[in-house]
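Structural overview
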Amino acid sequence: MSTGTRPSPEVAATVGPAAGALTPRLFRVAGRAQQTHDTWTLRLVPGDGGAPLVAAPGQFTMLYAFGVGEVPLSVSSGSSGATPLVHTVRAVGAVTEAICAAKPGDALGVRGPFGRGWPLDETLGRDVLLIAGGLGLAPLWPVIQWILRRRDDIGHVSVLVGSRTPADVLYRAELAHLAARPDIQAVVTVDAADPGWDGRVGVVTALLPQARFDPARTVAFSCGPEIMMRLTAQALVDAGVPAHRVHLSMERNMHCGVGHCGRCQLGPLLLCLDGPVCDYDRLGPLLRIREL
Amino acid sequence: MTTSSPPPPTASETASAPDIPTFAGMQPEHRAIIAGCAREVTLKPGEVLFREGDVADTLYLIRAGTVAIEMFVPTRGTITIETVGAGDVVGWSWLFPPYRLRFDARALSAVTAGAVEASCLRARMAADPELGYDLLFHLAKVLAERLSATRMRLLDVYRNPAQP
């Protein structure tokens, strides 16, 4: 599935950004769950009487804490308009701290959704590798939900998750449920264990040799710190997965969301329009250029 | 440091050929020599392969299951440093004097492995430098990958940038 097709410059100049893309809609916090010591999952519903926000897995919104600021956040909810908008947010600065502190009933502003999501249709008939690092599991979670709905149409599915410590693992209960399924291989590894952790320890790429996939018919989605994704993508290509079947969710300083401000530029790409999900065939040469 | 040695793993009657991915590309005659020094072992979850301070007398070729490389840290308990799975190798202290193990190794799940007798291997490597090069080349690849992975972990890429 391809979402958020980038308009030509001529068309963009004529029609401008989509209605509502630059003005936040009012949403209210419908639910809030703490994932780790610094990460919360928020469920948001329209507070303006309008329609629910429908975002494709892999797209992002600009979430606005009134009076504090706005940040880009990948959606963690499915593409069904019936479900609330879900974001999993880590408190790393003033804006995300304010968002994480929002209580049920509090108001937040939402612009979007923006960008191109995961190419879900590529998974049909293929083996699938989902490789997440840290908070990068959040944008991949709706992909897992989509795969579970289409499980019979997809080959082997492996979900490989890297985390800093056992306490930093997101969606622990859901992952345990996933790992219990016979038709999904779900493995979590941590960089640093503590006493009592009986799971895997090491980098997430070390899990690849045990993953079940046929490289020639595999599609891989990865999200996490850029260096982790870069090494993961290279390991996949080295294993024989075609570069154009390796998709990474890139992070840059998204701001306007509609390709006007240029702050999310990565070489020839504007990631708010051309991304955040791009394939490694395009990204590989760009990621080798330092400070790009 | 724990000084008591664990009971030796159960050996089956069948010697194992080193057909694990780590040795892919190794000359067939060299794989056969290694197989001649090996026996098949099975371990139950929780069973110890070796302990820190023991004599390093075995190279384990993991065929199935997961093994934790551990170290006991006073006041913190036993910490898993790394885990290795099917297709990987465990133990290279047997290569270098004084042949003393520096970590513990414990089966996290049911493990099937080829247990290669180190003294047999060292004698064959000394007698056949081509075997020695071939084996060390493949083990060095493992060491390089483990070193690279350790460096990645030192970067602490998942840390929250807002926290010290």
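Residues numbered from 1 in each chain as written. Chains lettered and ligands numbered in written order. Predicted model: local features only at pLDDT ≥ 70, side-chain atom pairs only at ≥ 80, totals over all residues. Heavy atoms only, no water.

1. Details of the overall build of chain A
The helix and strand tally for chain A stands at seven helices and 15 strands. The C-alpha atoms of chain A give 19 Å as radius of gyration, which agrees with the globular expectation for 292 residues (19 Å, within 12%). The dimensions of chain A, computed from C-alpha atoms along their principal axes, are 50 × 45 × 40 Å. Buried residues in chain A amount to 52% of all 292 residues. Partitioning the contacts of chain A with sequence separation of at least 6, the portion at a separation of at least 24 is 70%. Total accessible area on chain A stands at roughly 12,000 Å², and carbon and sulfur atoms take up 54% of it. Of the charged side chains in chain A, 26 are positive and 25 negative; the average position of the first set lies 2 Å away from that of the second. (Helix = DSSP H or I, 4+ residues; strand = E, 2+ residues; numbered from the N terminus. Rg over C-alpha atoms; globule rule 2.2 N^0.38 Å. Buried < 20%, exposed > 50% of the residue type's maximum accessible area, 1.4 Å probe, protein only. Contact = heavy atoms within 4.5 Å. Areas by Shrake-Rupley, 256 points an atom, 1.4 Å probe, with all protein chains shown as cover. Lys, Arg positive; Asp, Glu negative; His and termini not counted. Charge placed at Lys NZ, Arg CZ, Asp CG, Glu CD.)

2. A closer look at the pattern of salt bridges
All names here are of chain A. Under the counting rule described, the total for this entry stands at 14 salt bridges over all chains. With its nearest N and O atoms 3.2 Å apart, the salt bridge here joins Arg245 to Glu122. Of this pair, Arg245 sits in the loop between helix H5 (226-238) and strand S12 (246-249) while Glu122 is found in the loop between strand S6 (107-114) and strand S7 (127-133), placing the two residues 123 residues apart along the sequence. Across this residue pair, the class does not change: Arg245 and Glu122 are buried. The structure contains a network of salt bridges with shared partners spanning Arg151, Arg181 and Asp183. (Salt bridge = Lys/Arg side-chain N within 4 Å of Asp/Glu carboxyl O.)

3. Observations regarding unusual backbone geometry
At the junction of Gly112 of chain A and Pro113 of chain A, the peptide bond is cis and its omega measures out at 10 degrees in the coordinates. Summarising the element assignment, Pro113 of chain A is placed in strand S6. The omega angle of the peptide bond from Pro97 of chain B to Pro98 of chain B is 10 degrees, so this bond is cis rather than trans. Of note, Pro98 of chain B is situated in the loop between strand S7 (89-90) and strand S8 (104-107). Positive phi values are uncommon outside glycine, yet Tyr171 of chain A reaches one of about 50 degrees. As for its placement among the helices and strands, Tyr171 of chain A is situated in the loop between strand S8 (157-163) and helix H4 (172-179). Of note in the backbone geometry, Tyr99 of chain B takes a positive phi value of approximately 55 degrees without being a glycine.

4. Focus: the sheet that holds strand S3 (residues 48-50) of chain B
All names here are of chain B. Within the open sheet, the four strands sit side by side as S3-S8-S5-S6. Their pairing is antiparallel. Looking at which strands have only one partner, the edges of the open sheet turn out to be S3 and strand S6 (77-84). When the angles between neighbouring strand axes are averaged without regard to direction, this sheet yields 35 degrees. Here seven bridges tie strand S5 (residues 67-73) to S6, and the two strands are oriented antiparallel to one another. (Pairing = 2+ DSSP bridges. Axes fitted to C-alpha atoms, helices over the stretch in contact; angles between N-to-C directions.)

5. Observations concerning the sheet that holds strand S10 (residues 200-201) of chain A
Residue and element names in this part refer to chain A. Strand order in the open sheet formed by seven strands is S10-S9-S8-S7-S11-S12-S15, and the pairing between neighbours is mixed. At either end of the open sheet lies a strand with only one pairing partner, and these are S10 and strand S15 (277-279). Of the strand pairs in this sheet, S8 and strand S9 (residues 185-190) are connected by six bridges, and their pairing is parallel. The partner of Gly162 across the bridge, within S9, is Thr189.

6. Structural notes on the state of the cysteines
Note on terminology: disulfide describes a covalent bond linking the sulfur atoms of two cysteines. Residues and elements named next belong to chain B. Under the defined criterion, the tally for this structure stands at one disulfide over all chains. The side chain of Cys37 participates in a disulfide bridge whose partner is Cys120; the two sulfur atoms lie 1.9 Å from each other. Every disulfide takes its handedness from the sign of the S-S torsion; for Cys37 and Cys120 that torsion is -60 degrees, giving left-handed. Of this pair, Cys37 sits in the loop between helix H1 (28-36) and strand S2 (38-43) while Cys120 sits in helix H2 (residues 118-127), and the two are 83 residues apart along the sequence. (Disulfide = S-S within 2.5 Å.)

7. Focus: the domain arrangement of chain A
Residues and elements named next belong to chain A. Looking at chain A, the domain boundaries give domain 1 (9-113) and domain 2 (120-287). Centre-to-centre separation of domain 1 and domain 2, based on C-alpha positions: 22 Å. Contacts between the two partners involve 22 residues from domain 1 and, on the opposite side, 21 residues from domain 2. Together domain 1 and domain 2 conceal approximately 1,700 Å² of surface at their shared face, both sides included; 63% is due to carbon and sulfur atoms. Along the contact surface separating domain 1 from domain 2 lie zero salt bridges. Elements with a minimum of two residues in the side of domain 1 that touches domain 2: strand S1 (25-36), strand S2 (39-46), strand S3 (60-65), strand S4 (69-74) and strand S5 (85-90). At three residues, S4 tops the list of elements feeding residues into the side of domain 1 that touches domain 2. For the side of domain 1 that touches domain 2, the per-class residue count stands at eight nonpolar, 11 polar and three charged. (Domains from an automatic or database assignment. Buried area = accessible area lost by both parts, 1.4 Å probe. Nonpolar A, V, L, I, M, F, W, Y, C, P; charged D, E, K, R; others polar.)

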